[in-house]
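What follows is the residue order along each chain.
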Amino acid sequence: MTARIIDGKAVATQIRARTKEAVAKLKRAPALAVIMVGENPASRVYVRNKIRACNEAGIISIERHLPDTCSEETLLAQIEALNHDDTVDGILVQLPLPPQIRSGLVLEKIDPDKDVDGFHIYNTGKLVTTGGGFKPCTPAGIMELLQAIGYDVEGKHAVIIGRSNIVGKPLSMLMLQANATVTMTHSHTADLRRYTTDADILVAAIGKPKFVTADMIKEGAVVIDVGVNRDENGKLCGDVDTEAAKEVAGWITPVPGGVGPMTIAMLLHNTLISAQKRQGLSD
Ligand code: GUN
């Protein structure tokens, strides 16, 4: 079998175009505040891409770059001011934060109605219970990709490798809401292959280059690769050994061009939803 490629770039482009059209219909352009602390090179790239994408969609970006030495108090004060600024629809604090700053505390400070990253515990709670809050962008993007290929997850076995707060845990909840049977696996899972070889949908979100090998994949499975790593030659690669996996999987996301572009598309989408709500155009 040669897997079909899930073109995240194309799906993201469609979502961004739809978002741009909806943005143009608003009374006031949405605004997203993006806060970065320190000089993490990967974060710099992510933040730059997010700001560029905002501009392309007609969303105003407000960039706040704070030094590595920034105190927790200073960051919290910035968030507080943005919470009270009626012209701001979304607030995003790029993670990771320097060690002197407690991420949990910072994320809880963001007004849940402006939490377009979906990381606030209020939105996390909604995700686990009733749904309806902001959904974290990468997991929401993965669900969009499955929809785009016409794959119904109901009754399927979804196996997620990695239990991060950003991807693995929230994705498990979205899959559960969509009536998949979900298995969470992680670094302490004994006999990982036992689970992965039974997966109809296999999601790798661990940050280890080419960790998932072809022998771990069930014939015809949908393989979603969330990893962004460098291989031994410094070449960009995912958490899956893509070339070998293609021979076994039914569908697979490439790296780059798979899950990555969806994260930004869903961030723009969440910012639009926030602006629509705040302008009384949806509830
Ligand atoms: N760091 C890695 N991924 C993300 C993300 O989606 N949002 C934020 N704020 N930080 C991140």
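Everything below is about the structure shown above.
Residues numbered from 1 in each chain as written. Predicted model: local features only at pLDDT ≥ 70, side-chain atom pairs only at ≥ 80, totals over all residues. Heavy atoms only, no water.

Student: Got a minute to help me understand the overall build of the protein chain in this structure?
Tutor: Counting its regular elements, the protein chain contains ten helices and eleven strands. The C-alpha radius of gyration of the protein chain comes to 19 Å, within 12% of the 19 Å expected for a compact globule of 283 residues. Its C-alpha atoms put the protein chain at 55 × 40 × 35 Å along the principal axes. Put simply, the protein chain has 283 residues, and 50% of those count as buried. Long-range pairs, those at least 24 residues apart, make up 70% of the contacts in the protein chain with a sequence separation of at least 6. When the accessible surface of the protein chain is summed, it comes to about 13,300 Å², and 52% of that surface belongs to carbon and sulfur atoms. In the protein chain, the 31 positive side-chain charges and the 33 negative ones have mean positions that sit 3 Å from each other. (Helix = DSSP H or I, 4+ residues; strand = E, 2+ residues; numbered from the N terminus. Rg over C-alpha atoms; globule rule 2.2 N^0.38 Å. Buried < 20%, exposed > 50% of the residue type's maximum accessible area, 1.4 Å probe, protein only. Contact = heavy atoms within 4.5 Å. Areas by Shrake-Rupley, 256 points an atom, 1.4 Å probe, with all protein chains shown as cover. Lys, Arg positive; Asp, Glu negative; His and termini not counted. Charge placed at Lys NZ, Arg CZ, Asp CG, Glu CD.)

Student: I keep staring at the pairing of strand β6 (residues 181-185) and nothing clicks. Help me out?
Tutor: Taken residue by residue, a regular strand's side chains alternate between the two faces of the sheet. Here strand β5 (residues 157-161) runs beside β6; their pairing, made up of five bridges, is parallel. Looking at the pairing, His157 lines up with Thr181 of β6. This β-α-β element, β5 to helix α7 (residues 168-177) to β6, shows right-handed connectivity. (Pairing = 2+ DSSP bridges. Right-handed = clockwise from strand over helix to strand, strands pointing away.)

Student: Explanation requested: the pattern of salt bridges in the structure shown.
Tutor: Side chains carrying opposite charge are able to pair once their charged atoms draw close together. Scanning all chains against the criterion turns up ten salt bridges. We note a salt bridge from Asp89 to Arg278, for which the minimum N-O separation is 3.0 Å. Placement of the pair is Asp89 in the loop between α3 (72-84) and β4 (90-93) and Arg278 in helix α10 (residues 260-278), with a sequence separation of 189 residues. Classification of Arg278 by relative accessible area gives partly exposed; the value is 32%. (Salt bridge = Lys/Arg side-chain N within 4 Å of Asp/Glu carboxyl O.)

Student: Teacher, can you tell me more about the nonpolar core here?
Tutor: Nonpolar side chains in soluble globular proteins tend to end up buried together. Ile142, Leu146, Met175, Val203 and Ile224 are the most contacted members of the largest nonpolar core, which has 50 residues in total. Here this core gets eight residues from one element, more than from any other, and that element is α10. Beyond its immediate chain neighbours, meaning those up to four positions away, Ile142 contacts Val167, Leu171, Val203, Ile224, Val226 and Val259. With 21 residues, the next largest nonpolar core counts Ala33, Leu66, Leu82 and Ile101 among its residues. (Core = buried A, V, L, I, M, F, W, Y, C linked by side-chain atoms within 4.5 Å.)

Student: Would you mind going over the site of the ligand with me for this structure?
Tutor: In the vicinity of the ligand, the contacting residues are Lys50, Leu92, Val93, Gln94, Leu95, Asp117 and Phe119. Within the backbone of Leu95, one N or O atom sits 3.0 Å away from a nitrogen atom of the ligand. Here a nitrogen atom of the ligand and a side-chain polar atom of Asp117 are 2.6 Å apart. Relative to its unbound accessible area of 280 Å², the ligand is 84% covered by the protein chains. For the shell around the ligand, the residue count by class is four nonpolar, one polar and two charged. (Near = heavy atom within 4 Å. Polar contact = N/O pair within 3.5 Å; in protein donor to acceptor, adjacent residues only side chain to side chain. Nonpolar A, V, L, I, M, F, W, Y, C, P; charged D, E, K, R; others polar.)

Student: Would you take a moment to explain α7 for this structure?
Tutor: Working note: α-helix, 3.6 residues per turn, so residues spaced by three or four point in the same direction. Within α7 the residues assigned to the buried category are Gly168, Pro170, Leu171, Ser172, Leu174 and Met175. Where the residues of α7 are buried, they touch α5 (121-128), α6 (137-148), β5, β6 and β7 (201-204). Looking one or two places after α7, you find Asn179, whose phi comes out positive at around 70 degrees.

Student: Teacher, can you tell me more about the packing of aromatic side chains here?
Tutor: For any pair of aromatic rings, the description rests on two quantities: the centre-to-centre distance and the angle between the ring planes. With the rule as written, the count across this model stands at zero aromatic pairs. One cation-aromatic arrangement involves Lys156 over Tyr151; the distance from NZ or CZ to the ring centre is 5.1 Å. The ring of Phe134 carries Lys277 above its face, with NZ or CZ at 5.3 Å from the centroid. (Phe/Tyr/Trp six-rings, centres within 6.5 Å; stacked < 30°, edge-to-face > 60°. Lys NZ or Arg CZ within 6 Å of the ring centre and 35° of its normal.)

Student: What's the story with the pairing of β7 in this structure? I'm lost.
Tutor: Neither face of β7 is left uncovered, since the one carrying Ile201 and Val203 and the one carrying Leu202 and Ala204 both have all their residues buried. Sheet topology places β5 next to β7; four bridges connect them, and they run parallel. The partner of Ile160 across the bridge, within β7, is Val203. Bridge count for β7 against strand β8 (residues 222-225) is four bridges, and the pairing is parallel. Bridge assignment links Ile201 to a residue of β8, and that residue is Val222.

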